[in-house]
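Structure assessment
One-letter residues, chain by chain:
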Amino acid sequence: MSDPAMPDAPDPALPPSLRLLKWLVIVLMLTMIGGVITVVALLVTRMPQALGVPALPEGFVLPEGTEAQAVTFGEGWTAVVTRDDRILIFDREGRLAQEVALSPGVAGGN
C-alpha cells in the first residue's frame, strides 16, 4: 500500500521559464529581507541620536501651587502650560520671564 503523502513518481521538472521565475522570486525575497533588516538597524542606531530630549534648566522650580499640564522647549526659553489656564515662560536660567493668562474660550478649545 502506498502512502498518499509520498507519491511514487518524482515531481516533473519545471519548465525553464518557471525555473527562472522561481529564482527571481527567491532573489527578490532575500533582497527584501535584507532591506527590512537594514532599515530596522538604521532606525535603531540613528533614532536615539536624533531624538535628543531637552532638559529643564538647573534650579527650575514652578511657582507655589502651580501644576504643569504641558511643557514646550524653545531656543533659550521654556514654556509651561498650567492647569489654572496660564502660560509661564522661563528663561535659560529657569527664572520666570513672562506670564500669559488664557481666556476661558482659548483654554476650553471653543
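On a predicted model such as this, the values are computed, not experimentally measured, just so you know.

Put simply, side chains in a regular strand alternate between the two faces of the sheet. Across the two faces of strand 3 (residues 86-90) the burial differs, with R86, L88 and F90 buried and I87 and I89 not buried at all. A loop of three residues connects strand 2 (residues 77-82) with strand 3, the two strands running antiparallel in sequence, and D85 in this loop sits at a positive phi of about 60°. Across five bridges, strand 3 lies against strand 4 (residues 96-101) in antiparallel orientation. Residue I89 lies in a different strand from strand 4, and its bridge partner there is Q98. Count of turn residues in the strand 3/strand 4 antiparallel hairpin: five residues, of which G94 carries a positive phi of about 90°.

Once that is clear, we can look at the side chain of R86. Mapped onto the elements of the fold, R86 is located in strand 3. Look at R86 and you get buried, because its relative accessible area is 18%. Engagement of the side chain of R86 in a polar contact is seen with the side chain of T66, the distance being 3.2 Å. Excluding residues that lie within four positions of it along the chain, R86 makes contacts with T66, V80, V81, E99, V100 and A101.

In this section: the confidence of the model for the chain. Overall, the prediction assigns the chain a mean pLDDT of 82, with 80% of residues at 70 or greater. Taken element by element, the chain is modelled with least confidence in helix 2 (residues 104-108), mean pLDDT 57, and with most confidence in strand 3, mean pLDDT 92.

Below, the discussion takes up unusual backbone geometry. Most of the time, phi is negative for any residue but glycine, and the peptide bond is trans. In this model, D85 sits at a positive phi of 60°, which is unusual for a non-glycine residue. Relative to the helices and strands, D85 resides in the loop between strand 2 and strand 3. Residue classification places D85 among the partly exposed positions, given a relative accessible area of 31%.

Moving on to the pattern of salt bridges. One pass over the full model with this rule turns up five salt bridges. Ionic pairing is found between R86 and E99, a salt bridge with its closest N-O pair at 3.0 Å. Of this pair, R86 sits in strand 3 while E99 sits in strand 4; the two residues are 13 residues apart in sequence, bridging distant segments of the chain. Residue classification places E99 among the partly exposed residues on the basis of a relative accessible area of 44%. Counted as one network, the salt bridges with shared partners bring together D84, R86 and E99.

How each quantity is defined
- Residues numbered from 1 in each chain as written.
- Predicted model: local features only at pLDDT ≥ 70, side-chain atom pairs only at ≥ 80, totals over all residues.
- Heavy atoms only, no water.
- Buried < 20%, exposed > 50% of the residue type's maximum accessible area, 1.4 Å probe, protein only.
- Helix = DSSP H or I, 4+ residues; strand = E, 2+ residues; numbered from the N terminus.
- Pairing = 2+ DSSP bridges.
- Polar contact = N/O pair within 3.5 Å; in protein donor to acceptor, adjacent residues only side chain to side chain.
- Contact = heavy atoms within 4.5 Å.
- pLDDT = per-residue confidence, 0-100.
- Salt bridge = Lys/Arg side-chain N within 4 Å of Asp/Glu carboxyl O.

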